Protein chains: 2
Amino acid sequence: MQIILLSGGSGKRLWPLSNDSRSKQFLKLLPAANGGRESMVQRVLRQINESGLACPVTIATSASQKDAIINQLGEEVNVVTEPCRRDTFPAICLATAYLEMEAKCPMDETVVVMPCDPYTEDRYFHTIAQMARAVEAHAADLVLMGVKPTYPSAKYGYVIPGDETDGIYRVERFTEKPDVPTAERFIAQGAFWNGGVFAFRLGYLVDIVRRYMSYGSFAELRNRYEELPKISFDYEVAEKAQSVAVIPYDGEWKDLGTWNTLTDELRDHGVGNVVIDDKTENTHVVNELEIPVMCLGVKNLVIAASCDGILVSEKSQSENIKHYADRLLRMPMYEERRWGEFKVVSSSEFADGSQSFTKQLRIQAGKEIKNSVQADFDKVWTVVDGEGELEMNGITTAMHRGVTVAIARGTAHSLCATSALTIVEVEIGGKR
Amino acid sequence: MQIILLSGGSGKRLWPLSNDSRSKQFLKLLPAANGGRESMVQRVLRQINESGLACPVTIATSASQKDAIINQLGEEVNVVTEPCRRDTFPAICLATAYLEMEAKCPMDETVVVMPCDPYTEDRYFHTIAQMARAVEAHAADLVLMGVKPTYPSAKYGYVIPGDETDGIYRVERFTEKPDVPTAERFIAQGAFWNGGVFAFRLGYLVDIVRRYMSYGSFAELRNRYEELPKISFDYEVAEKAQSVAVIPYDGEWKDLGTWNTLTDELRDHGVGNVVIDDKTENTHVVNELEIPVMCLGVKNLVIAASCDGILVSEKSQSENIKHYADRLLRMPMYEERRWGEFKVVSSSEFADGSQSFTKQLRIQAGKEIKNSVQADFDKVWTVVDGEGELEMNGITTAMHRGVTVAIARGTAHSLCATSALTIVEVEIGGKR
């Protein structure tokens, strides 16, 4: 069995913590078993491992998320990156081709595709195991997860079930986002929400892909990625399939996509450097900055602070954030990278239009920044902690506390961290 | 006529904008005539000049405020700094000795002592002119301003007036902070609040000082400053005086010492990089950080952000700030200096207990940092904008965009800014 985990989206609904380079699934806010905090993607991978599914996981994502995934999940997961953003059908085709051509999986291997961001409980993964067994038993070509609805939502797709055998329902039809009265009628008929989890044999999807394109290698499919139609897996595969079954899941299933829903799942009212007085009620503060946030006598707020900005929102109003965040048009001030992370701590724009950024880089022990070249600005690195080696112009410089190196624009350089390195980078000039 | 302006206090009641080095009177938040913003001390100096008083001003303050005063008011005001913090009586004695010994004022010169922080209107300064005329006319040795009470406050001192002649009342007695019923009774009798404004002839106070100490020079008095009793001017002078008069002032007189009172006087609901949605009500945001603050659907809040921290407070609760700010125990992250200003943009503490600070320095054109020596840390300066000259170890280095200089601990250096200079300073090491 193979799992394909879909990690998409960028979005600003959790601004200022989420930004164009950090999607909501990478925010380390959820309570972890060790008392610490984990991200949505770390949580789902832990749940997969703890549920006994114990199978290889391939993450289908965009190139911009690859560094964050490796940083959070380590090198043992496979990451397949789309060359450009399309939709779930092409993304799943690409991951499937990876399993076929690179991982050399047999055609009758069971594949489960699932999103990385729903907040669920253990039973969710037991349902996934049931779905895999149904595929192995040839109950249907395609097996879906049907989430038991809790209210007549107009936001979800519905699956209308037919006959049932051993807890497996034949799918009669699908409906995308009905209006509320229709949703009520569906639910009365026993309909499920389409949970976006699909199980099938590898060969089943490979046949579908090959209808669009005959490819000789994974690289070829990836190079010709734009030839695949920009369409969702639901429309292109699920709704056209002749033999589809659905297995119900009746447990916790939440989209923690807004501050209002996310804060419901947080263990602590304050994360980070936070002071809250005893008159404050129903307020959550997430502070990624070094400086303290102090709350006095406030009610029903979510407060979030990062290098990108500071949000103070009445909880129910936090759903309107995207509208305002889109206006801000700032580059992300925090990014996770394969080698660690950086944040912008200060920026200035000068009368002549040139800009300067001061960043703090944290490079993990043993990690490397390879062949980096900036065309637009000079920079000065000053090591404030840790040790490493810098290679530039054929010269190796030992990097340790107090060492300062000027790196002119256009100069290729590589940095290897022997121990965890903290560097202050001052970028100078560069009109943008 | 001479004015002595008392600039004291440090206080955290306007945290995070006020800190141990920046008192409330230096916050540039009040609406200025040119559409910009001015501080309380800038406002009072402007009001003095515009009121037609047109006399020299001497500012009595602590050493820690001297740089901020010169930065905000320029070099033309006299600044007398206490060698240590005591109380208003010794501070006024010191300024008086300055007028006597350094400014060589005649003994019959009229001196007006006033606080720098009440928020008042033009009539306040007309009352001061009246007080000065009363001293000149020998109406009394000491003339006070009596502020017309607007409610029976238990926070203020009261002045009980006796007979009146030409709008000048003889003072019958003083009472410090009575309870509310007593205050009500006083007000019914026509009592005033003691406004902390005093007018007298220079010789009157010089005689009082010389009862404590016979000094031959201003420097001598300053050196022996600790011999003066630690007591307020009210107790030591006003309450003991034989001949005291009070002149009423019936106009705006506010202590903008809390966020709740200060925000009432602000012209804009958002100062700095601020986004406020149209559902937000009765909320003020003062943001000194570069990053944006976004408010969605909040009500009755004051939000203030600086390098020292972020406050989110229900307006009426902002009076409790000091209690919580005192717990934070952080060094000030923003300071005004005679040559400009600096802010700490990032700090790190490492496993071995050493610390690193990254600062942004802005040095005004023509200003100089003279003979600076840091004993505790090495630092690296990188110029990101402007031009200047650095003197170190007998060597002059031209400072311009892109120049980086390492300055080892213990090395004396001077920097002169030819044009406005922006420098990123990385402080390294130093266990504190």
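A brief look at the structure comes next.

Rules and cut-offs
Residues numbered from 1 in each chain as written. Chains lettered and ligands numbered in written order. Predicted model: local features only at pLDDT ≥ 70, side-chain atom pairs only at ≥ 80, totals over all residues. Heavy atoms only, no water. Helix = DSSP H or I, 4+ residues; strand = E, 2+ residues; numbered from the N terminus. Rg over C-alpha atoms; globule rule 2.2 N^0.38 Å. Buried < 20%, exposed > 50% of the residue type's maximum accessible area, 1.4 Å probe, protein only. Contact = heavy atoms within 4.5 Å. Areas by Shrake-Rupley, 256 points an atom, 1.4 Å probe, with all protein chains shown as cover. Lys, Arg positive; Asp, Glu negative; His and termini not counted. Charge placed at Lys NZ, Arg CZ, Asp CG, Glu CD. Polar contact = N/O pair within 3.5 Å; in protein donor to acceptor, adjacent residues only side chain to side chain. Pairing = 2+ DSSP bridges. Axes fitted to C-alpha atoms, helices over the stretch in contact; angles between N-to-C directions. Least-squares fit on C-alpha atoms with pLDDT ≥ 70 in both. Core = buried A, V, L, I, M, F, W, Y, C linked by side-chain atoms within 4.5 Å. 1 Å grid on protein atoms, 1.4 Å probe; cavity = no way out; pocket = protein on both sides within 12 Å on 5 of 7 lines; lining within 4 Å. Points joined across faces, edges and corners; volume = space filled by probe spheres on them. Buried area = accessible area lost by both parts, 1.4 Å probe. Salt bridge = Lys/Arg side-chain N within 4 Å of Asp/Glu carboxyl O. Nonpolar A, V, L, I, M, F, W, Y, C, P; charged D, E, K, R; others polar. Phe/Tyr/Trp six-rings, centres within 6.5 Å; stacked < 30°, edge-to-face > 60°. Lys NZ or Arg CZ within 6 Å of the ring centre and 35° of its normal.

Structural notes on the overall build of chain A
Line of reasoning, step 1. Counting its regular elements, chain A contains 10 helices and 29 strands.
Line of reasoning, step 2. Its C-alpha atoms give chain A a radius of gyration of 24 Å, within 12% of the compact-globule value 22 Å for 432 residues.
Line of reasoning, step 3. Along the first, second and third principal axes, the C-alpha set of chain A runs to 70 × 60 × 40 Å.
Line of reasoning, step 4. Taken across its 432 residues, chain A has 57% of its residues classed as buried.
Line of reasoning, step 5. Sequence separation of at least 24 residues holds for 65% of the intrachain contacts in chain A that already meet a minimum separation of 6.
Line of reasoning, step 6. Accessible area of chain A: about 17500 Å², with a carbon and sulfur share of 46%.
Line of reasoning, step 7. Within chain A, one finds 47 positive and 60 negative side-chain charges whose respective centroids are separated by 3 Å.

Describing the environment of Arg401(A)
Line of reasoning, step 1. Tracing the backbone shows Arg401(A) in the loop between strand E26 (395-399) and strand E27 (404-407).
Line of reasoning, step 2. Exposure remark for Arg401(A): the relative accessible area of 27% places this residue in the partly exposed category.
Line of reasoning, step 3. Separated by 18 residues in the primary sequence, Arg401(A) and Val383(A) place their C-alpha atoms 4.9 Å from one another.
Line of reasoning, step 4. The residues contacting Arg401(A), other than those within four sequence positions of it, are Val383(A), Val384(A), Asp385(A), Gly386(A), Phe350(B), Asp352(B), Ser354(B), Ile428(B) and Gly429(B).
Line of reasoning, step 5. At 2.3 Å, the side chain of Arg401(A) and the side chain of Asp385(A) are in polar contact.
Line of reasoning, step 6. In terms of polar contacts, Arg401(A) uses its side chain to reach the side chain of Asp352(B), at 3.1 Å.

A closer look at the sheet that holds strand E29 (residues 421-428) of chain B
Paired through backbone hydrogen bonds, the strands of a sheet run either parallel or antiparallel to each other.
Residue and element names in this part refer to chain B.
Line of reasoning, step 1. Pairing is antiparallel in the open sheet, where six strands are placed in the order E20-E21-E22-E29-E24-E27. With partners counted over all chains shown, the strands left at the sheet margins are strand E20 (334-337) and strand E27 (404-407), one partner each. Mean inter-strand twist for the sheet, computed between neighbouring axes without regard to direction, equals 20 degrees.
Line of reasoning, step 2. Note that strand E21 (residues 340-349) and strand E22 (residues 355-363) share nine bridges and pair antiparallel.

Overview of the relation of the copies chain A and chain B
Line of reasoning, step 1. Turning chain A through 179 degrees and shifting it by 0.1 Å along the axis lays it on chain B, with an RMSD of 0.1 Å. The superposition of one copy onto the other is thereby described by a two-fold rotation axis. Residue Val345(A) of chain A places its C-alpha closer to the rotation axis than any other residue of that unit, at 2.8 Å.
Line of reasoning, step 2. An overlap of 100% is found between the interface residues of chain A and their copies at the interface of chain B, pointing to a shared contact surface.

Observations concerning the nonpolar core
Line of reasoning, step 1. Residues Leu5(B), Met114(B), Tyr124(B), Ile128(B) and Val143(B) are the most contacted members of the largest nonpolar core, which totals 45 residues.
Line of reasoning, step 2. At seven residues, the largest contribution of residues to this core is made by helix H4 (residues 122-136) of chain B.
Line of reasoning, step 3. Contacts of Met114(B), omitting those with residues within four sequence positions, involve Ile3(B), Ile4(B), Leu5(B), Leu6(B), Val44(B), Ile48(B), Tyr124(B), Phe125(B), Ile128(B), Gly196(B) and Val197(B).
Line of reasoning, step 4. Counting 44 residues, the second largest nonpolar core, distinct from the first, contains Ile3(A), Leu5(A), Cys116(A) and Met131(A).

Comments concerning empty space enclosed by the protein
Line of reasoning, step 1. In total, this model carries six cavities of 30 Å³ or more according to the counting rule given.
Line of reasoning, step 2. Taken as a whole, the largest cavity holds about 390 Å³ of empty space.
Line of reasoning, step 3. Together, 23 residues line the largest cavity, and Leu289(A), Val344(A), Val345(A), Leu289(B) and Val345(B) are the ones closest to its centre.
Line of reasoning, step 4. Residue assignment for the lining of the largest cavity shows that the elements contributing at least two residues are strand E21 (340-349) of chain A together with E21 of chain B.

Concerning the interface of chain A and chain B
Interface size is often expressed as the accessible area that is lost when the parts come together.
Line of reasoning, step 1. With 59 residues of chain A in contact, the opposing surface of chain B contributes 59 residues.
Line of reasoning, step 2. Taking both partners together, chain A and chain B bury about 4600 Å²; carbon and sulfur atoms supply 66% of that area.
Line of reasoning, step 3. Counting the surface chain A buries against chain B, the share from its top three residues, Met294(A), Leu296(A) and Ile310(A), is 15%.
Line of reasoning, step 4. Counting the contacts that link chain A with chain B gives two salt bridges.
Line of reasoning, step 5. For Asp352(B), the salt bridge is made with Arg401(A), and the minimal N-O distance between the two is 3.1 Å.
Line of reasoning, step 6. Across the chain A-chain B interface, the total number found is 22 residue pairs in polar contact (both at pLDDT 80 or more).
Line of reasoning, step 7. Listed by contribution, the elements that provide at least two residues to the side of chain A that touches chain B are strand E17 (293-296), strand E18 (301-306), strand E19 (309-314), helix H10 (321-328), E21, strand E22 (355-363), strand E24 (378-385) and strand E29 (421-428) of chain A.
Line of reasoning, step 8. Ranked by the residues each element gives to the side of chain A that touches chain B, the list is headed by E19(A), at six residues.
Line of reasoning, step 9. Among the residues making up the side of chain A that touches chain B, the classes are represented as 29 nonpolar, 19 polar and 11 charged.
Line of reasoning, step 10. Here E19(A) runs beside strand E17 (residues 293-296) of chain B; their pairing, made up of four bridges, is parallel. Its bridge partner lying in E17(B), Val312(A) is registered against Cys295(B).

Quick notes on helix H1 (residues 40-50) of chain B
Residue and element names in this part refer to chain B.
Line of reasoning, step 1. Burial runs high along H1: eight of the 11 residues are buried.
Line of reasoning, step 2. If you check which residues of H1 are buried, you get Met40, Val41, Gln42, Arg43, Val44, Leu45, Gln47 and Ile48.
Line of reasoning, step 3. Gly52 sits one or two residues past H1 and shows a positive phi near 90 degrees.

What about the pattern of salt bridges?
Line of reasoning, step 1. Taken as a whole, this structure holds 53 salt bridges over all chains when the rule is applied.
Line of reasoning, step 2. With a shortest N-O distance of 2.3 Å, Glu265(B) and Lys254(B) are connected by a salt bridge. Of this pair, Glu265(B) sits in the loop between helix H9 (259-264) and strand E14 (270-271) while Lys254(B) sits in strand E13 (residues 253-255), placing them 11 residues apart in sequence.
Line of reasoning, step 3. Through salt bridges with shared partners, a single ionic network connects Arg13(A), Lys24(A), Asp117(A) and Asp255(A).

Overview of the layout of surface pockets
Residue and element names in this part refer to chain A.
Line of reasoning, step 1. A volume near 1400 Å³ is recorded for the second largest pocket.
Line of reasoning, step 2. Leu6, Lys24, Thr88, Pro115 and Asp117 are the residues nearest the centre of the second largest pocket, which is lined by 44 residues in total.
Line of reasoning, step 3. Elements that contribute at least two residues to the lining of the second largest pocket include exactly strand E1 (2-7), strand E4 (57-62), helix H3 (88-102), strand E11 (192-201), helix H8 (233-238) and strand E13 (253-255).
Line of reasoning, step 4. Per-element accounting of the lining of the second largest pocket gives the leading share, four residues, to E11.
Line of reasoning, step 5. Class assignment of the residues belonging to the lining of the second largest pocket gives a composition of 13 nonpolar, 16 polar and 15 charged.

Remarks on the packing of aromatic side chains
Line of reasoning, step 1. Inspection of every chain in the model, using the stated rule, returns 26 aromatic pairs over all chains.
Line of reasoning, step 2. Here a set of aromatic residues connected by ring pairs shows up, and it is made of Tyr151(A), Tyr156(A), Trp193(A) and Trp253(A).
Line of reasoning, step 3. It is Lys359(A) that lies over the ring of Phe342(A); its NZ or CZ is 4.4 Å from the centre.
Line of reasoning, step 4. Sitting over the ring of Tyr215(B), Arg210(B) keeps its end group 4.1 Å from the ring centre.

A few points about the sheet that holds E27(A)
Residue and element names in this part refer to chain A.
Line of reasoning, step 1. The sheet built from six strands is open, its strands ordered E20-E21-E22-E29-E24-E27 with antiparallel pairing. Each of the sheet's edge strands pairs with one partner strand only, and the pair in question is strand E20 (334-337) and E27. Averaged over all neighbouring strand pairs, the angle between strand axes comes to 20 degrees, with direction disregarded.
Line of reasoning, step 2. For E24 and E29, the ladder comprises seven bridges, and the chain directions are antiparallel. Pairing of Trp381 across the sheet is with Glu425, part of E29.

Some remarks on the pairing of E27(A)
Consecutive side chains along a regular strand alternate between the two faces of the sheet.
Residue and element names in this part refer to chain A.
Line of reasoning, step 1. Burial of the side chains of E27 is restricted to one face: Val405 and Ile407 are buried, whereas none of Thr404 and Ala406 on the reverse face is.
Line of reasoning, step 2. Alignment of E24 against E27, held across four bridges, turns out to be antiparallel. Within E27, the position partnered with Val380 by the bridge is Ala406.

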